[in-house]
Amino acid sequence: MSSDPDCLFCKIIAGEIPSDQVYSDEQVVVFKDLHPKAAVHLLIVPREHIKSLNELEEQHDGLMAYMMRLLPKIAKDQGLDNGFRSVINTGPGGGQEVFHLHIHLLGGTGLGSAFL
Ligand code: 5GP
Ligand code: ZN
């Protein structure tokens, strides 16, 4: 599985940089965002280093579907019974700061009702 030694999230996945992990399996790691924008703010991060949605290939279809189906399970585990928001920033124009694909999962107090 590809990884990038200079990538922050690859370092977190490798345990070289600490994180507050809430879930992990063979395909993904889920940890708390360092600067939470809501009571619950998690990052669902594939173990494979994929820079962004722009670099996705057909071989990643299963992984992406897997992460989508994982979101509501993680949200339920976090007690987000009333719903949650999921966000993927892509590229500098989309506000992406860490270039290792990840899904933000947000919910609970502090999350506005507006779309963005
Ligand atoms: P992006 O803007 O790329 O979609 O999101 C990157 C996210 O990573 C930001 O919400 C930021 O707060 C979070 N982040 C940046 N550095 C770290 C870190 O070292 N640890 C954790 N847990 N989150 C980080
Ligand atoms: Zn990476």
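Residues numbered from 1 in each chain as written. Chains lettered and ligands numbered in written order. Predicted model: local features only at pLDDT ≥ 70, side-chain atom pairs only at ≥ 80, totals over all residues. Heavy atoms only, no water.

Draft legend 1. Up close: the coordination of the zinc ion (ligand 2). Distances from the zinc ion (ligand 2) to its protein donors, namely Cys 7 (SG), Cys 10 (SG), His 49 (ND1) and His 100 (ND1), fall within the range 2.0 to 2.3 Å. Taken together, the four donor atoms coordinating the zinc ion (ligand 2) span angles of 106 to 116° at the metal, a pattern that classifies the geometry as tetrahedral. All donors to the zinc ion (ligand 2) come from one chain, and their sequence spacing reads C-x2-C-x38-H-x50-H. An identical accessibility class is assigned to Cys 7 and Cys 10; each is buried. (Donors = N, O, S within 2.8 Å, 3.2 Å for Na, K, Ca; no water. Tetrahedral: all angles 85-135°; square planar, octahedral: opposite > 155°, others 65-115°. Buried < 20%, exposed > 50% of the residue type's maximum accessible area, 1.4 Å probe, protein only.)

Draft legend 2. Highlighting the environment of Leu 56. Inspection of the secondary structure puts Leu 56 in the loop between β3 (40-46) and α2 (61-77). Owing to a relative accessible area of 28%, Leu 56 belongs among the partly exposed residues under this scheme. Taking the C-alpha atoms as reference points, Leu 56 and Leu 101, separated by 45 residues in sequence, lie 9.3 Å from one another. When sequence neighbours within four positions are dropped, the list of residues in contact with Leu 56 reads Ile 50, Met 64 and Leu 101. (Helix = DSSP H or I, 4+ residues; strand = E, 2+ residues; numbered from the N terminus. Contact = heavy atoms within 4.5 Å.)

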